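The lines below spell out each chain.
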Amino acid sequence: MGSYRQQPGASPSEVRKDGKRVAGKQVFPPPGSGGSEPKMRPRDLDYIPETVGGREPKPAGDHIHDRDRTGTIVGKAIPLVDSNAKVTGQAWYGDDVRLPGELIGKILRSPHHYARIKSIDTSRVEALPGVVAVSTGQDAPNRFGVLPVTKDEHAMAVDKVRHVGDLVACVAAVDESTAIEALSLFDIEWEELEPVFDPKKGLEDHDEPIHWRGKYHLARTNVQKRVFQEFGDRSLVKTPHAASHGSWTMLGVHHGFTEPHAVVAHWDPNGRLQLYTPQQVPHYTHRALSTVLDVPMHQINVVRTFVGGGFGGKSDPFPHEMCAAILARKSGAPVRITFDREEVYWINRGRHPSHIDVKMTADTEGRISGFDIDALIDGGGFASFGHVTSYYNGVLATAPYELGSFHYTGARVWTNKPASGAMRGHGAVNTRCAVEVGLDEMAEQMNVDPIDLRLANLLPPHSRTISGFRITSNGMREALERVREGSSWDSKFRQLPLGKGIGIGCGFFISGSGLPIHWDPKNFPHATVHIQVDMDGGVTVHTGAADIGQGSTTAVAQVVAEVLALPIEMIHVRSHESDTSPVDLGSYSSRVTFMNANAAIRAAIGIRDQLLKAAWEMLGYHPNVLVLNDRRIYYKHDPAVGVSYLQALHKAQADTGALIARGAYRSPPMGGVHKGAAAGLAPAYSFSAYVAEVDVDIETGLISCTNVWAAHDCGKALNPLAVKGQIIGSCHMGLGQVLTEKMVYGRTGHLQNANLLDYKIPSVHEMPHVEAIIVESSDPEGPFGAKEAGEGPLLPILPAVVNAVYDAIGVRLRDLPLTPDVVYSGIQKHLKKNGLEEPEDIESPRLSHGPLQEILVARGDEHRERDRLRQRSEDTSAYVNGVLFGFDPDRPLSEQVEGWREADEPLPEQLAELGFAGRAWLKKEQRHMEDDA
Amino acid sequence: MVGEEHVSMIPAPAGKRWAATVNGRPFEVLAPSNAVLLDVLRDKVGTLGVKRGCDLGTCGCCTVMIDGVPKLSCLTLAGQVQGADIITVEGLSDGAHLAPIQTCFATHGGSQCGFCTPGFLVASQALLNENENPTRQEIACAIEGNLCRCTGYQQIIDSIEAAAAIHRGESETLAPASEPHPDPHPSGPGEPTMPPGHAK
Ligand code: FES
Ligand code: FES
């Protein structure tokens, strides 16, 4: 036998005749933690950066982590480390946690949109044999919410219900049917209130606003949050060369994860709560449980089960988690609550239904002189992440283009519907679609190619957006160029026959949020990772990062394996329990890979340094000239001189026992000082560009997307297989939103499609072929250069499809989703307007380049060189948004530009011309009304 | 949904004897006569790998093989399949030996969050039992009843194709198709391997 094989059980051979293989079969070529043959795998130079002597290309030059690369595993396409559990059915999701003696919990939900609870009589419920515990809102009066500034939720309604499906009470019984029957025995007296469904109505005063914020409440409206932001010189937009104005209606969409919410709560004999829940953000649940239950956090252990998809929909602390804990406390037995699919829609937290108005202008040189965005978003019954969403709808449109000015008004209103919240591409998706379609329209007015328009207006790497975001690495240009080439854009755009079209869309997204939600970033790091290595050589990594299928556990294992040059099978990541994991903020804002992998690298370096020190003592060579490779540490110039990993480990452990190290990550201080400056701040940003091809049936309005070229700049693909999976999966979700998915509220405000049959998620047949293109710009602060790949890739697909539809039929559509009825009526309107008879008479749009085209191409070419130098840090001069307009980046813009304004409140004279959401600024907060009185 | 019968009954009605072969082992449990197969499998037989995503026949997470045919266990009454031969995801592997379809789902990115995976695996194993050489279109038809929100299906189809190749005996290799860095210098210098007896 040439090598040592680790086999579960006593399996005679690795591959059998029928092709079945041993699960987790691993070959461990010694030397190392096992065998005896003195043979080491050669270093994999293809995966060692060229900057440190390998062959991996480094287009952006040196990276701080290059020296920590060992060529072991980073950059290689590998399966997720937990995939064997998933393919054998052994992965344990929320409802798979079965504790002995468990009771089944059920939740009583409101049948009314908006009503006051005058009384609840539970006596008939309690009398039902088999019911063990009953609870109502009175048992848990403390409020909670994911954001500390907007805690407006209760475990169960305390005085009012705010939407159909809102929690009223809960029961625990010996079995499901008893629990369901018990729900029918509550006697409740209701006083119905006047509901609000239309977000525009939410801007008006109401007798009984859905929530009351005291002196901060805006008049008597249902506005939860209003935002005003203005940067730059607004006089630029007065005399536009081209202008686009689009009013959009985007319906709400849901995450549609396959696993319905489920939770199991159990108070152990010591009185500690053990709560099992599929959570993206276990730590916030931990905090909220502590508040609601009046129990200190250290008496609660939150166990994150496997998560059957999150996409933002499992990132709030949820009332049913509180209910399970309350029922378990009352009954003294474990309680399991599992949602059915309908309940998943009642708790919602999906993408906000939005009315978005985007005006934009360009000047005679094809520069974008201004964006003017107005976003009115429908928050539903609770705040959730809405405070942040209100900002994101504007500020996440400030890149990747250089802008002359930026103006944003946003408002989020409460309505009597299930709460909207964070969903993949949080807050950025809808505005991004509107903006990218606007650019397409302006390109058409100027007779230029929309890709060239974009290429001539990009912010370079290492620059600053108009709102002050710090852009570091930036692969936007390469992404655009690669999709242009891949899709043969130049021979297709505006040249395809009627009914066939091709379109472009871009996007950028935050890679981690610069400010943690719950604490002062100056005091605590964003992410912490602990590593422990004991005598057997196995490496245990403790992190709180919540793997929701995106592969964060794999990413953490990978970077540790890379630094220590160990096979990934020797790395064991423990991330399920709050008892054993360092606090982590959770899986949102695409922060996990960036922040946790960074922390993990630091911790692994801590272990490595202890090993190298031991090897130094043993070999007499300084760590600087020692090389780690495949469980061996050896002298750089004579590989024969070395020690095995275990020898070094045991030496290092001689006096101390197990090696321990920890690493932490904190994002650098960044950003401006204006109100809301923190929203959208991130240590790095990802960029993407997509081209989509569609077929539109001009008779029926049915759209099918046939091909997508999707280029995403993820900095560095730690695991290209997973990155491509994220890109393709994002396309799928975005296609759903643009083509079929919508939450339909009927005339009575009732959600009509709370099931997967009527809520139409694309099936395998609706999925186009996606050519996933990975762009690597190597972020200076990312772990080995990596940035996010989970959310950003969703943004460009929507506008790419909408633009392609225009290319196919010459009709601009601005109601999402583009279901056949929307397209059909768009076509009919177009026919009427142009005096045409039949859809076949429509002329596909065509492009003949105007004089501006040449100017843009020349500018794009010039900027390509500029970007290359900046990317490689050969040009390190300052660059801020505005340089394209001739301003000096080294002096404050306010000194150079007359009329430069940086404002978070409208001027009195602006009040008259504000858009829908902007009208929230016509109202006053209660405290100021009192001043006036 | 709730019948009178539950009012005074603790514990729940013991129900009828239900017997079937699940993953090659005979099972006999007591289940109410209106019990749904999905519930019996999860709650009584203990095959928690069978997932419940919707209860309405719309997600495919609950797919199991009944006498070789993939069916939705949430739409099947347990009573209908008395004595049948049922295979769940737990029955695809043989002890520690994973079926090619399982390995390929791992190596080709067919599983992200993994919740839909059991259903996909059963549906695609059923396809491969019938057809060792399916086209991408045939694969798509075999999994059209399964919903995946994570992967966008493309890597699932890749996985099934790869497994089919193993079934046909054409492929041994489990490496995923995508290689991130095509080697720019294929014949570049290697590093020395360790000679024996090296350590100081
Ligand atoms: S649970 Fe059976 S199809 Fe969804
Ligand atoms: S892998 Fe998550 S739903 Fe398919």
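If you're wondering where the values come from, they're calculated on a predicted model, not measured in any experiment.

The rules we used
Once a new chain begins, its residue numbering starts again from 1 and follows that chain's sequence as written. Starting at A for chains and at 1 for ligands, labels are handed out in the order in which the entities are written. pLDDT decides what is reported in this predicted model: residues at 70 or higher carry local features, side-chain atom pairs at 80 or more are listed and counted, and totals for whole chains, interfaces and linings draw on all residues regardless. As a rule here, side-chain values cover all heavy atoms of the structure and leave hydrogens and water aside. Secondary structure elements follow DSSP: runs of H or I of four or more residues count as helices, runs of E of two or more count as strands, with numbering from the N terminus. The quantity called the radius of gyration is restricted to C-alpha atoms. Its globule counterpart is 2.2 Å times the number of residues to the power 0.38. Should any heavy atoms of two residues lie within 4.5 Å, those residues are counted as being in contact. Accessible areas in this description were obtained via Shrake-Rupley with a 1.4 Å probe; residue shielding takes into account the shown protein chains only. The charged-residue count follows a simple rule in which Lys and Arg add positive charge and Asp and Glu add negative charge, with His and chain termini not counted at all. Every charge is mapped to an atom, namely NZ of Lys, CZ of Arg, CG of Asp or CD of Glu. Pairing between strands is defined by DSSP: at least two bridges between the two strands are required. An axis is simply a line fitted to the C-alpha atoms; with a helix, the fit covers only the stretch in contact. Between two such axes, the angle follows the N-to-C directions and lies from 0 to 180 degrees. An automatic or database domain assignment is the source of the domain bounds shown. Two parts placed together each lose some accessible area; with a 1.4 Å probe, that loss summed over both constitutes the buried area. Salt bridges are defined as contacts in which a side-chain nitrogen from Lys or Arg sits within 4 Å of a carboxyl oxygen from Asp or Glu. N or O atoms closer than or at 3.5 Å make up a polar contact, with two conditions inside protein: a donor-capable atom paired with an acceptor-capable one, and, for residues adjacent in sequence, both atoms drawn from side chains. Polar here means any residue other than Ala, Val, Leu, Ile, Met, Phe, Trp, Tyr, Cys and Pro, which are nonpolar, and Asp, Glu, Lys and Arg, which are charged; Gly is therefore polar. The pLDDT score gives, residue by residue, the confidence of the prediction method on a 0 to 100 scale. Small angles under 35 degrees read as roughly parallel and large ones over 145 as roughly antiparallel, with 65 to 115 read as roughly perpendicular and the rest as oblique. Buried means the residue's accessible area, taken with a 1.4 Å probe over protein chains only, is under 20% of the maximum for its type, while exposed means over 50%, and partly exposed covers the values in between. Two rings from Phe, Tyr or Trp (for Trp, the six-membered ring) form a pair when their centres are within 6.5 Å of each other. A pair whose planes differ by under 30 degrees is stacked, one over 60 is edge-to-face, and the rest are tilted. By definition here, charges over rings are those cases where NZ of Lys or CZ of Arg is within 6 Å of the ring centre and within 35 degrees of the ring normal.

A closer look at the overall build of chain A
Next, step 1: Scanning chain A for helices and strands turns up 20 helices and 33 strands.
Next, step 2: On C-alpha atoms alone, chain A measures out to a radius of gyration of 29 Å, which is about the 30 Å that the 2.2 N^0.38 rule sets for 933 residues.
Next, step 3: With the principal axes as the frame, chain A shows a C-alpha extent of 85 × 80 × 65 Å.
Next, step 4: A separation threshold of at least 6 residues defines the contact pool for chain A, and within that pool the share at least 24 residues apart is 79%.
Next, step 5: Of the roughly 31500 Å² of accessible surface on chain A, a fraction of 50% belongs to carbon and sulfur atoms.
Next, step 6: Of the side-chain charges in chain A, 96 are positive and 117 negative, and the distance between the mean point of each set is 4 Å.

Remarks on the sheet that holds strand β25 (residues 626–629) of chain A
All names here are of chain A.
Next, step 1: One open sheet holds the three strands; their spatial order is β25-β26-β27, and the pairing between them is antiparallel. Of all the strands in the sheet, just β25 and β27 (638–644) have a single pairing partner and so form its edges. Between one strand and the next, the sheet's axes are offset by a mean angle of 35°, whatever the strand orientation.
Next, step 2: In this structure, β25 lies alongside strand β26 (residues 632–635), joined through four bridges in antiparallel fashion. Along β26, the bridge assignment pairs Leu 628 with Ile 633.
Next, step 3: Most of the contacts of helix α13 (residues 592–619) go to β25, to which it runs at about 125°, and overall it touches β25, β26 and β27.
Next, step 4: On top of the sheet, helix α14 (residues 645–653) reaches β26 and β27; it is set at about 50° to β27, its chief contact.

Observations concerning the domain arrangement of chain B
Residue and element names in this part refer to chain B.
Next, step 1: Partitioning chain B into structural domains gives domain 1 (15–89) and domain 2 (100–167).
Next, step 2: Here the C-alpha centroids of domain 1 and domain 2 sit 21 Å apart.
Next, step 3: Every contact between the two is made by 16 residues of domain 1 and, on the other side, 14 residues of domain 2.
Next, step 4: Roughly 1000 Å² is buried in total at the junction of domain 1 and domain 2, and carbon and sulfur atoms are behind 70% of that figure.
Next, step 5: Of all residues in domain 1, the largest losses of buried area upon contact with domain 2 belong to Cys 61, Met 65 and Val 89, amounting jointly to 41% of the total for that side.
Next, step 6: Across the contact surface, domain 1 and domain 2 share zero salt bridges.
Next, step 7: Summed over the shared surface of domain 1 and domain 2, the number is two residue pairs in polar contact (both at pLDDT 80 or more).
Next, step 8: If you tally residues by element for the side of domain 1 that touches domain 2, the top one is strand β3 (residues 63–66), at three residues.
Next, step 9: In terms of residue class, the side of domain 1 that touches domain 2 is made up of seven nonpolar, seven polar and two charged.

Quick look at the confidence of the model for chain A
Residue and element names in this part refer to chain A.
Next, step 1: Within chain A, residue pLDDT values average 91, and 95% of them lie at 70 or more.
Next, step 2: Model confidence for chain A, summarised as mean pLDDT per element, is weakest for strand β1 (residues 4–6) at 39 and strongest for strand β15 (residues 335–338) at 98.
Next, step 3: Residue range residues 1–13 is modelled with pLDDT below 50. Its contacts to residues more than four positions away, or to other chains, number 24 contacts.
Next, step 4: Segment residues 25–38: pLDDT under 50, and 49 contacts once partners within four positions in sequence are set aside and those in other chains are kept.

Description of the packing of α13 of chain A against α14 of chain A
Think of two packed helices as two axes; the pair is described by the angle between the axes and how far apart they sit.
Residues and elements named next belong to chain A.
Next, step 1: Their axes nearest at 8 Å, the elements α13 and α14 cross at an angle of 95°. The angle between α13 and α14 falls in the class roughly perpendicular. Together, Gln 610, Leu 611, Ala 614, Glu 617 and Met 618 of α13 and Tyr 645, Gln 647, Ala 648, Leu 649, Lys 651 and Ala 652 of α14 make up the contact between the two elements.
Next, step 2: Here the residues of the contact of α13 with α14 sort into seven nonpolar, two polar and two charged.

Comments concerning the side chain of Gln 155 of chain B
Next, step 1: With respect to the helices, strands and loops of the structure, Gln 155 of chain B is situated in helix α5 (residues 154–167).
Next, step 2: Judged by its relative accessible area of 4%, Gln 155 of chain B falls in the buried class.
Next, step 3: Among all residues touching Gln 155 of chain B, those that are not within four sequence positions of it are Leu 721, Lys 724, Gly 725 and Ile 728 of chain A together with His 108, Gly 109 and Gly 110 of chain B.

Re the environment of Gly 68 of chain B
Residues and elements named next belong to chain B.
Next, step 1: Structurally, Gly 68 can be placed in the loop between β3 and β4 (69–72).
Next, step 2: Classification of Gly 68 by relative accessible area gives partly exposed; the value is 43%.
Next, step 3: Separated by 92 residues in sequence, Gly 68 and Ile 160 have C-alpha atoms that sit 18 Å apart.

Thoughts on the packing of aromatic side chains
Next, step 1: Scanning the entire structure with this criterion turns up 15 aromatic pairs over all chains.
Next, step 2: Residues Trp 92 of chain A and Phe 306 of chain A carry aromatic rings whose centres are separated by 6.1 Å and whose planes lie at 70° to one another, so their mutual orientation is edge-to-face. Of the two residues, Trp 92 of chain A sits in the loop between α1 (83–87) and β4 (103–109) while Phe 306 of chain A sits in the loop between β14 (300–304) and α6 (319–331), which places them 214 residues apart along the sequence.
Next, step 3: Here the aromatic cluster, defined as three or more aromatic residues joined through ring pairs, consists of Trp 92, Tyr 93 and Phe 306 of chain A together with Phe 115 of chain B.
Next, step 4: For Arg 226 of chain A, the ring lying beneath its charged end belongs to Trp 921 of chain A, and the centroid distance is 4.0 Å.
Next, step 5: Across from the ring centre of Tyr 806 of chain A, 3.8 Å away, lies the NZ or CZ of Arg 812 of chain A, which sits over that ring.

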